[in-house]
Structure formats: C-alpha cells, structure tokens
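In case you want the letters, here they are:
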Amino acid sequence: MRVALYARYSTDKQDELSLEVQLAHCRAEIKKLGWTETHCFTDQAQSAATLHRPGMQSLISVAKSGQVDVVYADAMDRLSRSQ
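No experiment lies behind these values; they were computed from the predicted model shown.

A.B. asks: Quick question: what am I supposed to make of the overall build of the protein chain here?
C.D. replies: The secondary structure content of the protein chain amounts to 3 helices and 3 strands. In sequence order, the protein chain lays out its α and β elements as β-α-β-α-β-α. Within the protein chain, the proportion of its 83 residues that are buried is 34%. Surface summary for the protein chain: the accessible area is close to 5000 Å², and the carbon and sulfur share equals 52%.

Shown next as structure tokens:
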C-alpha cells in the first residue's frame, strides 16, 4: 500500500516536535503493516476547522490524483475537527 502521512498541530502555543511525534507513531504503525510511505504532509499552527490548510490541500491533491492508496494520521482529529 502506498501511504500518505499527515500530521498537524493547531496553535502556535504547541510544540513543533508534536509533528515529529505524530509522524514517528504513524511510521511505526505502517511499518508493522508492511505499507510504504510515499508522501508526508504537515500543517503547523493550523486549526482543523477548515480544510484550507496548505498541507491538507497538497494531501487532497495527491489523493485525488491516485498517487496513494491510504491516508494515515495519528488520530482522526488531525485531519478534520468534524468527521
């Protein structure tokens, strides 16, 4: 499986290392599954209230183009506040 990873933190008061922690968790999980990371997208200090985030827009574009089979994030709320 071709996987796009996505990580986000919501405010400038959060630690930028949060992204690395999220991505490390995602990478460990997809490794267990035997999947391959092909893309990685992040957004810093961006709310999940909207999809109009640079990293999210790039992720959507790659997904729509068929370049990935799976989008993987540490938690659903990293992708969007409202599922």
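A.B. asks: How should I be thinking about the side chain of Arg 53 in this particular structure?
C.D. replies: Mapped onto the secondary structure, Arg 53 falls in the loop between β2 (36-43) and α2 (54-64). Buried charge without a partner: Arg 53 forms no salt bridge, and the closest opposite charge is Asp 43, 4.3 Å away. For Arg 53, the side chain forms a polar contact with the main-chain oxygen of Leu 79, separated by 2.6 Å. If sequence neighbours within four positions are ignored, Arg 53 has contacts with Tyr 6, Arg 8, Asp 43, Gln 46, Ser 47, Ala 48, Arg 78, Leu 79 and Ser 80.

Each value, and the rule that gives it
- Residue positions are given per chain, counting from 1 as you read along its sequence in written order.
- Local features in a predicted model are, by the rule used here, given only for residues with pLDDT of at least 70; side-chain atom pairs are given and counted only at 80 or more, and totals for whole chains, interfaces and linings are based on all residues.
- Side-chain metrics rest on all non-hydrogen atoms present in the structure, leaving aside hydrogens and water.
- By the criteria applied, helices consist of DSSP H or I runs no shorter than four residues and strands consist of E runs no shorter than two, each listed in order from the N terminus.
- Here's how the labels work: a residue is buried when its accessible area is under 20% of the maximum for its type, exposed when over 50%, partly exposed in between, all with a 1.4 Å probe on protein chains only.
- Here, Shrake-Rupley sampling with a 1.4 Å probe gives the accessible areas, and only protein chains in the shown set may cover a residue.
- As used throughout, the charge tally considers Lys and Arg to be positive and Asp and Glu to be negative, leaving His and the chain termini uncounted.
- We count a salt bridge whenever a side-chain nitrogen from Lys or Arg sits within 4 Å of a carboxyl oxygen from Asp or Glu.
- A 3.5 Å cut-off defines polar contacts: any pair of N or O atoms within that distance qualifies, except that in protein one atom must be a possible hydrogen donor and the other a possible acceptor, and neighbouring residues in sequence count only when both atoms are side-chain atoms.
- The criterion used for residue contact is that any of the two residues' heavy atoms lie within 4.5 Å.

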